[in-house]
Amino acid sequence: MARGSPDPVWVLDPAQPGENLPAAGRSLFDRLFVSVRHGKADYDLPFPFAALLARLDAQLSGDSGSLLPPAKRVLIPLGRSLQRTAAAPDYFAFPRVVVAADSSPSQRSTLLLKDRLYIGYQEKSDVLEVISYNESAARFEFQLVKNYRAGAKPQVVYANRTLCYGCHQNGAPIFSRALWDETNANATVAALLRASGKNFYGISPDRGVDVPYAIDIAVKRANRFALTQRLWREGCGGEDRPALRCRAGLFTAALQHALSGGRQGMRSGDFMATVDAPLRSHATRRWPAGLAVGTADIPNRNPLQGLNGPSSWPDDAQLRASYAHVAARFEPLALRPSQEIWHADAGDAVSRLVDDLSEFVADNDRQRLATTLSAGPAERLPYRASCRFETRASRWSARCQSASGESGPNLAATLELKQGRASGGRIDRLSLPEGGTINGVALAVGTRLNGEHSAFVPSSRSTPRGADGNPLARIAFQLSSNDPEAGWVSIEFRQEFRRVEQAVTALLEGPDGLALFGARPIPREALFAALLAKLRAADGVRCCQKEKPHSPPELTGTGQQPTLSPAVPLSPPHADSAVNPASASINSAVQKFYPYCATCHYTPETFPPSFLSGTEAEVNAQLRQCAPRLFVRLSMAELTPALRDKTPMPPESLLPIFGTDAEGWRTSPVRAALLAQVSDWLRAESGRAPSLSQLLAGGYEALRPCLANRNTASPSLPR
């Protein structure tokens, strides 16, 4: 990059995770699992986990042609989550389950969960880790469900976003690249799961790459939501009339794209003038170097690399723990480059935005819209082309094209005949001048008009539509009286989409135009409710679920999480007081760790280890217990990424929160002081200065854990 040239702007800056509690709306997980009884809202979470999966599946439409469940799930016994060692040493008896909702809503569901709800479950921890979308806030929410076990009342809390952003650097779910060797798609992993003899919540250990592939694709789509939302809010400008028209045009184009099944066609002059040109111009001025999209991909990792088959899985707990080690190059905490840079001047910049925006059109909303349009009046748009026929007794092949220099359709079709009369047919390929291409459409016999040899209508339940959003209505063939192998085809489309354009324009010009098309998160549900009302939907089905009342959201821990500061030591939260741990009564060796470690390690959880929670004596003991691992993680900043066995702490993606970067932290006197303190503890313990190579001689997982006892109480102030 040239000196002085601007850098791309992060769509979501990993160092700015936002407030832990949503400022608007609630997560889809809340909306799905909160029930109202006797006027009181509370979570209704089925147990055991198989029952929760059944509840989730019921909200999704299954694929009748697939054996896969609507919500995809994989088993990961040796993964990279915070719960990675919770089942030790019985990793294969208690694998972590990862679930992704990647299917469209069922007919009776009003929630768009597709690509928007992800659950991780570790039975040994009694914990669900949840990532689900909040449309009102235009972000994914991170939540924990604690005490998820038989006979207990689960507690649902919003998680510490700073902690989550260490790995989820684009504020969204992450997943590994192919071949997904951590999952039960790995034959050795599957064999060891089978050998455990456990039933995994109805999930078969034997699974190919189809399920992890589906999760991977869902995660990739989910990670583009932030780009779509930012371009919707800011790409068109502010809230003047041109900006509102630009967003209305984007919404119209997304509906057209969804109705047509994603077909690409020529954009109208009006779209180019009101959407394409102003969006490119405004975005170029606002982000001259483009927008950087964070990556959802983490490297593929085979935790059983080097294991000589399932029979070689060791009985020794320490040897098993070595397979749980996650090297720095595989660590989700490692700072990842952007997945792509969105440039306003790229040829496909606006068409990709329309494609991404169509992901906010739920299938059942699309179906209701199509039903509403088909029930209303529409003019017919006819096309005509000349044809050549290859005739046989029971089948004709038709090749039709417009005359040279004319704008018209090109058609390849097959006609089935019985006793010389049409009995059915198929469109192999139909190319339209502005409506894209339609392939593989089965045809049923229609009513012939005078002079027609045969007439057809689409036989599929879902009528094919061109890229312009208009459905194919009728196709008919005529034969030449002079040449039995020549003739014409007439193709008619219903011009339904004009009604959508007129309705969106009416919404834009109406009293709710600013609320629907202003510079704020995409009001998906409100847009569809207003659109269907404007079109006078004939199906009588409400577009959207009325928002259920909720109890106030709860944050994990005892109160507001600490706010990081590079200069002022933190005051850990406490239910009864706000004493600063930097006060004279607090051991200075303890308090110096709070500013840089408290956000992740002053928690009521055991993952990551909460070594800063407890009384002063407990924290002192826990820091000394954790000293070997602290020494390794603090020392890693001195090594180049290629030489690191583990990622440094704090995570490099979060260092800007402290006003520094990787090089600044490496040379920081603060890091030097923390490392010196840990070295003093280790020297006092062993009588010699610690050596990084000696500490790692047996592997990082062989180092003693940070918490001698995993069961920790809620945090209390060091005293």
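Only a predicted model underlies this, so the values are computations on that prediction, with no experimental measurement involved. (Residues numbered from 1 in each chain as written. Predicted model: local features only at pLDDT ≥ 70, side-chain atom pairs only at ≥ 80, totals over all residues. Heavy atoms only, no water.)

Trainee: Hey, could you run me through the overall build of the protein in this one?
Mentor: Secondary structure summary: the protein contains 21 helices and 21 strands in total. Seen through its C-alpha atoms, the protein measures out along the principal axes to roughly 105 × 65 × 60 Å. Across the 719 residues in the protein, those meeting the buried criterion constitute 54%. Expressed as a percentage of contacts within the protein between residues at least 6 apart in sequence, the contacts between residues at least 24 apart total 67%. (Helix = DSSP H or I, 4+ residues; strand = E, 2+ residues; numbered from the N terminus. Buried < 20%, exposed > 50% of the residue type's maximum accessible area, 1.4 Å probe, protein only. Contact = heavy atoms within 4.5 Å.)

Trainee: Can you help me understand the nonpolar core in this one?
Mentor: Generally speaking, nonpolar side chains in soluble globular proteins are found buried as a group. Counting residues in each nonpolar core, the largest one holds 123 residues, and the members touching the most others are Phe49 and Phe517. Among the elements that line this core, the one with the most residues is helix 7 (residues 241-259), at 11 residues. Beyond its immediate stretch of four places on either side in the chain, Phe49 contacts Val97, Val99, Ile119, Tyr121, Leu128, Tyr148 and Tyr201. Core analysis: the next-biggest nonpolar cluster, separate from the first, contains 34 residues, Met636, Phe658, Leu675 and Tyr700 among them. (Core = buried A, V, L, I, M, F, W, Y, C linked by side-chain atoms within 4.5 Å.)

Trainee: Is there a simple way to explain the packing of helix 11 (residues 363-375) against helix 14 (residues 524-534) in this structure?
Mentor: Across the interface, helix 11 lies against helix 14 with an axial gap of 11 Å and an inter-helix angle of 10°. With respect to their mutual orientation, helix 11 and helix 14 come out roughly parallel. In this structure, helix 11 crosses over helix 14, and the sense of that crossing is left-handed. Seen from helix 11, the contacting residues are Asp365, Arg368, Leu369 and Thr372; seen from helix 14, they are Arg524, Phe528, Leu531 and Leu532. Residues belonging to the contact of helix 11 with helix 14 are distributed by class as follows: four nonpolar, one polar and three charged. (Axes fitted to C-alpha atoms, helices over the stretch in contact; angles between N-to-C directions. Parallel < 35°, antiparallel > 145°, perpendicular 65-115°, else oblique. Left-handed = near helix turned anticlockwise from the far one by under 90°. Nonpolar A, V, L, I, M, F, W, Y, C, P; charged D, E, K, R; others polar.)

Trainee: Just checking my understanding: could you explain the packing of aromatic side chains for this structure?
Mentor: Aromatic rings in a pair are described by how distant their centres are and how their planes are angled relative to each other. Across all of its chains, the model carries 27 aromatic pairs by this definition. When the centroid spacing of 5.7 Å and the interplanar angle of 85° are considered together, the rings of Phe49 and Tyr201 count as edge-to-face. Here Phe49 is found in helix 2 (residues 49-58), whereas its partner Tyr201 is found in the loop between helix 4 (187-195) and helix 5 (210-222), with 152 residues between them in sequence. Residue classification places Tyr201 among the buried residues on the basis of a relative accessible area of 14%. Over the face of the ring belonging to Phe360 we find Arg116, whose NZ or CZ atom lies 4.9 Å from the ring centre. It is Arg267 that lies over the ring of Phe271; its NZ or CZ is 4.9 Å from the centre. (Phe/Tyr/Trp six-rings, centres within 6.5 Å; stacked < 30°, edge-to-face > 60°. Lys NZ or Arg CZ within 6 Å of the ring centre and 35° of its normal.)

Trainee: What is the right way to look at the state of the cysteines in this model?
Mentor: Disulfide: a covalent bond formed between the sulfur atoms of two cysteine residues. In the structure shown here, the tally under the stated rule is three disulfides. The disulfide bridge from Cys387 ends at Cys400, spanning 2.0 Å between sulfur atoms. Because the sign of the S-S torsion sets the handedness, a value of about 105° for the bond joining Cys387 and Cys400 places this disulfide among the right-handed ones. Of the two residues, Cys387 is situated in strand 14 (residues 380-391) and Cys400 in strand 15 (residues 395-401); the sequence distance between them amounts to 13 residues. Taken individually, Cys387 and Cys400 each receive the classification buried, so the pair is uniform in this respect. Each disulfide pairs two cysteine sulfurs, and for Cys626 the partner residue is Cys706, the sulfurs being separated by 1.9 Å. Highlighted residues: Cys626 in the loop between helix 17 (616-625) and helix 18 (627-635) and Cys706 in the segment after helix 21 (692-695), separated in sequence by 80 residues. For the pair Cys626 and Cys706, a shared accessibility class is recorded, and that class is buried. Look at the protein and number its bonded cysteines as they come in the sequence; the links are 1-2, 3-4, 5-6. (Disulfide = S-S within 2.5 Å.)

Trainee: Honestly, the sheet that holds strand 19 (residues 454-458) in this entry has me stumped. Any pointers?
Mentor: In any sheet, the strands associate via hydrogen bonds between backbone groups, in a parallel or an antiparallel arrangement. Taking strand neighbours around the barrel as the criterion, the eight strands line up as 14-15-16-17-18-19-20-21 in a closed arrangement whose pairing is antiparallel. Going from strand to strand, the sheet's axes swing by 30° on average, the running direction of each strand aside. Relative to strand 20 (residues 472-479), strand 19 is paired through three bridges, and the arrangement is antiparallel. Across the sheet, the residue bridging to Ser454 is Phe477, located in strand 20. (Pairing = 2+ DSSP bridges.)

Trainee: Is there a simple way to think about the pairing of strand 20 in this case?
Mentor: Here is the key point about a regular strand: its side chains alternate between the two faces of the sheet. Across the eight residues that make up strand 20, a large majority, six, are buried. Where strand 20 and strand 21 (residues 486-494) come together, seven bridges link them in antiparallel fashion. The partner of Phe477 across the bridge, within strand 21, is Val489. Hairpin connection of strand 20 to strand 21: six residues between the antiparallel strands.

Trainee: Just checking my understanding: could you explain helix 10 (residues 349-357) for this structure?
Mentor: Residue pairs spaced three or four apart in an α-helix point in one direction, given the helix's 3.6 residues per turn. Residues of helix 10 that are buried: Ala349, Val350, Leu353, Val354, Asp356 and Leu357. One face of helix 10 carries all of its buried residues, which in axial projection span an arc of 165°. (Arc of directions from axis to C-beta.)

Trainee: So what exactly am I meant to see when it comes to the packing of helix 7 against helix 11 here?
Mentor: Two measures define how a pair of helices packs: the angle their axes make with one another and the distance between the axes. The interhelical angle for the contact between helix 7 and helix 11, taken along N-to-C directions, is 90°, at an axis separation of 10 Å. On the basis of their axis angle, the class for helix 7 and helix 11 is roughly perpendicular. For the pair formed by helix 7 and helix 11, the contact residues are Leu255, Ala258 and Leu259 on the first element and Arg366, Leu369, Ala370 and Leu373 on the second. In terms of residue class, the contact of helix 7 with helix 11 is made up of six nonpolar, no polar and one charged.

Trainee: Would you mind going over the pairing of strand 19 with me for this structure?
Mentor: Counting buried positions over the five residues of strand 19 gives four, a clear majority of the element. In this sheet, strand 19 lies alongside strand 18 (residues 436-445) in antiparallel orientation, the contact comprising three bridges. Within the sheet, the bridge partner assigned to Leu443 lies in strand 19 and is Pro458.

Trainee: In this structure, what is going on with the sheet that holds strand 8 (residues 139-146)? I would like to understand it.
Mentor: Strand order in the open sheet formed by six strands is 4-5-6-7-8-9, and the pairing between neighbours is antiparallel. Edge positions in the sheet fall to strand 4 (71-76) and strand 9 (155-158), since each has one partner strand and no second. Put simply, the sheet's adjacent strands are angled 20° from each other on average, direction ignored. The sheet contact formed by strand 6 (residues 117-122) and strand 7 (residues 127-134) spans six bridges and is antiparallel.

Trainee: How should I be thinking about the confidence of the model for the protein in this particular structure?
Mentor: The predicted coordinates ought not to be read in detail in places where the model reports low pLDDT. Here the protein shows a mean pLDDT of 90. Residues at 70 or above account for 91%. Considering only residues more than four positions removed or in separate chains, one finds that residues 538-545, a stretch of pLDDT under 50, has 17 contacts. For residues 710-719, every residue scores under 50 in pLDDT, and the model assigns this stretch 37 contacts once sequence neighbours within four places are set aside. (pLDDT = per-residue confidence, 0-100.)

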